[in-house]
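# Remarks on the overall topology
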Amino acid sequence: MEYSKTYTVKDEHIDVQHIVDGLYYPFYMEWCRHDFVREVLGFDFEEEAHKGNNMVLSRYTLQFVRSLKKGDTFQVTCSPMRDKSNKAVLHFRQTIMLNNKVVTKAVFSGTCVKAGGGRPFLPEGLLAKLADAPEWDGEL
């Protein structure tokens, strides 16, 4: 279940070296991931926050392979993965691709928490939609 979105580098994301500043790569991935979670998994961040359910990141690992430059049009992919040992954690394998070459790859891990505190969880509806997702193998 791979999801993909296309973006174009914004001029304001370019640093003094004429490449995309490293802090923007996770943002591009977040935009794609949030669209996937909303459009495919049916989890509306704003609606759920009003109910007191917050989806939050617990960690991420990112590897830079090459740089994006001004005007590049690129694809960001997002594939969900279940955690084999923790039902309350969801992983997303993501890549940024330019001309069919990996620019950046990452795995973002997250869970839900109640606004008032408590144990991490994933909503049952979300778990049902991810029942066929592969388990994360620990690799980027």
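Read on for a plain summary of the structure. Please read these numbers as outputs of a predicted model, since none were measured by experiment.

### A word on the pattern of salt bridges
Applying the stated criterion across every chain, the model contains 7 salt bridges. When the shortest N-O distance is used, the salt bridge between Glu 39 and Lys 5 registers 3.9 Å. A residue pair is termed long-range when its members are at least 10 positions apart, and Glu 39 in helix α1 (residues 24-39) and Lys 5 in strand β1 (residues 3-8) qualify at 34 residues. Given a relative accessible area of 24%, Lys 5 falls into the partly exposed group. With its nearest N and O atoms 3.4 Å apart, the salt bridge here joins Glu 48 to Lys 51.

### Regarding unusual backbone geometry
Its identity as a non-glycine residue notwithstanding, His 18 has a phi of 70 degrees, on the positive side. Position of His 18 relative to the elements: it lies in the loop between β1 and α1. A positive phi angle, near 55 degrees, is found at Asn 99, a position not held by glycine. Relative to the helices and strands, Asn 99 resides in the loop between β4 (90-98) and β5 (101-114).

### Here we look at the pairing of β5
Two strands pair when backbone bridges link them, and strand β2 (residues 53-64) and β5 are joined in this way by 11 bridges, in the antiparallel orientation. The partner of Val 56 across the bridge, within β5, is Thr 111. Here β4 pairs with β5 via 9 bridges, running antiparallel. Within β5, the position partnered with Met 97 by the bridge is Val 102. Between β4 and β5, which pair antiparallel and follow one another directly, the connecting turn spans 2 residues, one of which, Asn 99, has a positive phi of 55 degrees.

### Notes on the sheet that holds β4
Taking strand neighbours across the sheet as the criterion, the 5 strands line up as β1-β3-β4-β5-β2 in an open arrangement whose pairing is antiparallel. This sheet does not close on itself; its edge strands, each paired only once, are β1 and β2. The average angle at which neighbouring strand axes cross in this sheet is 25 degrees, direction not considered. The pairing of strand β3 (residues 73-82) with β4 spans 8 bridges and is antiparallel. Residue Pro 80 lies in a different strand from β4, and its bridge partner there is Phe 92. Along the sheet, α1 makes contact with β1, β2, β3, β4 and β5, crossing β1 at roughly 135 degrees.

The rules we used
Residues numbered from 1 in each chain as written. Predicted model: local features only at pLDDT ≥ 70, side-chain atom pairs only at ≥ 80, totals over all residues. Heavy atoms only, no water. Salt bridge = Lys/Arg side-chain N within 4 Å of Asp/Glu carboxyl O. Helix = DSSP H or I, 4+ residues; strand = E, 2+ residues; numbered from the N terminus. Buried < 20%, exposed > 50% of the residue type's maximum accessible area, 1.4 Å probe, protein only. Pairing = 2+ DSSP bridges. Axes fitted to C-alpha atoms, helices over the stretch in contact; angles between N-to-C directions. Contact = heavy atoms within 4.5 Å.

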